[in-house]
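Close look at the chain arrangement
Residue strings, one per chain:
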Amino acid sequence: MTTFALQAQPTDAASWLELARRAETAGFGTLQAADHPGSCAAPYVALAAAAAVTSQIRLGAYVANAGVREPLLLAADVATLDVVSGGRAHLGLGAGHTPAEWRAVGLDRPDVAGRVGRCLAVAEAVRGLLDGQTVTADTPHLRLFDASLDKPRPVQEHVPLLLGTANTRMLRWAGAHADIVGLTGFGRTLPDGHRHDARWRLDQIDAQVEAVRSGATGRDTGPELEALVQVVEVTDDAEAVAAAHAEELGMSVNDLLEVPFVLVGTIAEIQSAIERHEKRWGITRYAVRAPAFDAVESLGLLQPGARSDSR
């Protein structure tokens, strides 16, 4: 079954709460909030407010910045959200690519290996805390001693973990440990500190999915795969819409229309592309941003009244 997550940000109380209600009624499986300290709302505050006016939709950050978040505080945020939502929280983590966010908390942004090491160390620590363990880590990436989360304890016995990345090491780790892998398609961070090179070539996506599968060797059930969609447009002229993006990316229009980060075409064409994504890569989940709400709803793939439970 294909499921969709909606990533959004509050600008005022009334519209945010109404969006949460609409997303649940429409059948989005998850409401997600970004985490860019200083340039967007605090995700867990926003999601807790959304929890108060919903009863089924899952809630989580997409994704919490592991570079600037301390594991015990992050675990407490996730556990509190799980309590106030009645067991609907998930833990979403990413490595934190934006230099300004590291500087703002007095840290030097490490190189790729350092950011990856930090993210995986935080993921292990937060998972341990949510599982009721006492956690100690004394490494170049993370230091905490005898940390435990006595209160609040999550409602769920297992809080699902989503790891968002295109990094090979993180993809392999996620294959072994995560419940959901958020395929971002992000390559090198560009000089503005926010945008990225795209890893959208079909062979690059093949390699990313293969890294997840190799990491999942030995698991009874591997993680679900979720694509972070950048373009959603229902149109009778998919090639015209895709042409400008394809030129910028140095891809053919035909190849661009095959990638899971772009859903463009008629309703039937998009539905067919989603079927191909599942057949080729096993992708069954999509994360879209709020402006795509109506377009996604028009596809007829949402599941009103169905709760999206992750393993």
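Just above sits the structure.
For the structure given in this document, a descriptive report is provided here. (Residues numbered from 1 in each chain as written. Predicted model: local features only at pLDDT ≥ 70, side-chain atom pairs only at ≥ 80, totals over all residues. Heavy atoms only, no water.)

A few points about the packing of aromatic side chains
Given two aromatic rings, one states the distance between the centres and the angle between the planes to describe the pair. Which entries qualify depends on this criterion: Pairs were defined over the aromatic rings of Phe, Tyr and Trp, the Trp ring being its six-membered one, requiring ring centres within 6.5 Å. Orientation was assigned from the angle between planes: stacked under 30 degrees, edge-to-face over 60, tilted for the rest. A run of H or I in DSSP counts as a helix once it spans at least four residues, and a run of E counts as a strand once it spans at least two, with each numbered from the N terminus. Exposed residues in this analysis have more than 50% of their type's maximum accessible area, buried residues have under 20%, and partly exposed residues fall in between, with area computed by a 1.4 Å probe over protein chains only. Two conditions define a charge sitting above a ring: the NZ of Lys or the CZ of Arg must be within 6 Å of the ring centre, and it must be within 35 degrees of the ring normal.
Inspection of every chain in the model, using the stated rule, returns three aromatic pairs. Plain terms: the ring middles of F4 and Y286 are 5.5 Å apart, the flat faces sit at 25 degrees to each other, and that makes the pair stacked. Residue F4 is found in strand β1 (residues 3-7), and its partner Y286 is found in strand β15 (residues 283-289); the two are separated by 282 residues along the sequence. Taking the relative accessible area as the measure of exposure, F4 reaches 2% and is therefore buried. Classification of Y286 as buried rests on a relative accessible area of 0%. Here the guanidinium or amino end of R22 rests over the ring plane of F293, the centre of that ring lying 4.0 Å away.

What to know about helix α7 (residues 202-215)
Stated formally: Here a helix's expected span is defined as the number of its residues, less one, multiplied by 1.5 Å. A contact between two residues is defined here by any heavy atoms of the two lying within 4.5 Å.
For α7, with 14 residues, the first-to-last C-alpha span of 20 Å sits near the 20 Å given by 1.5 Å per residue. Listed in full, the buried residues belonging to α7 are L202, Q204, I205, Q208, V209, A211, V212 and G215. On the buried face of α7, the contacting elements are α6 (168-177), β9 (180-183), β11 (196-198), β12 (224-228), α9 (253-256) and α10 (267-281).

Examining the pattern of salt bridges
As a reminder of what qualifies: Salt bridge criterion: a side-chain nitrogen from Lys or Arg within 4 Å of a carboxyl oxygen from Asp or Glu.
The tally for this structure, following the rule as stated, stands at twelve salt bridges. Of the charged contacts, one joins D138 and R143 as a salt bridge, the two residues approaching to 3.1 Å between their closest N and O atoms. The partner of R276 in a salt bridge is E258, and the shortest N-O contact between them spans 2.9 Å. Pair noted here: R276 is in helix α10 and E258 is in the loop between α9 and β14 (262-265), with a separation of 18 residues, a long-range link. On the basis of relative accessible area, R276 is assigned to the partly exposed category, the value being 32%. In this structure, a network of salt bridges that share partners links the residues E224, E226 and R285.

So, the side chain of R118
So the rule is basically this: The definition of a polar contact used here is a pair of N or O atoms within 3.5 Å, where within protein one atom must be able to donate a hydrogen and the other to accept one, and adjacent residues in sequence count solely through side-chain atom pairs.
Here R118 shows up in helix α5 (residues 112-130). You can call R118 buried: its relative accessible area is 10%. For R118, the side chain forms a polar contact with the main-chain oxygen of R69, separated by 2.9 Å. In this view, R118 contacts A66, G67, R69, E70, W102, H141 and L142; residues no more than four positions away in its chain are not counted.

Re the environment of P10
With respect to the secondary-structure elements, P10 resides in the loop between β1 and α1 (13-26). Taking the C-alpha atoms as reference points, P10 and D108, separated by 98 residues in sequence, lie 30 Å from one another. Residues contacting P10, with those up to four places away along its chain left out, are W16, A41 and A46.

A look at the pairing of strand β5 (residues 89-94)
Definition in use: Only strands that DSSP links by at least two bridges are regarded as paired with each other.
Within β5, six of the six residues are buried, leaving the element largely enclosed by the surrounding structure. Side chains A89, L91 and L93 project from β5 onto one buried face, and the interleaved H90, G92 and G94 project onto a second face that is buried too. The sheet contact formed by strand β3 (residues 58-61) and β5 spans two bridges and is parallel. Counterpart to G60 in the pairing with β5 is H90. With two bridges joining them, strand β4 (residues 64-65) and β5 adopt parallel strand pairing. Each bridged residue has a counterpart across the sheet, and for N65 the counterpart in β5 is G94.

These figures come from the coordinates and say nothing about function on their own.
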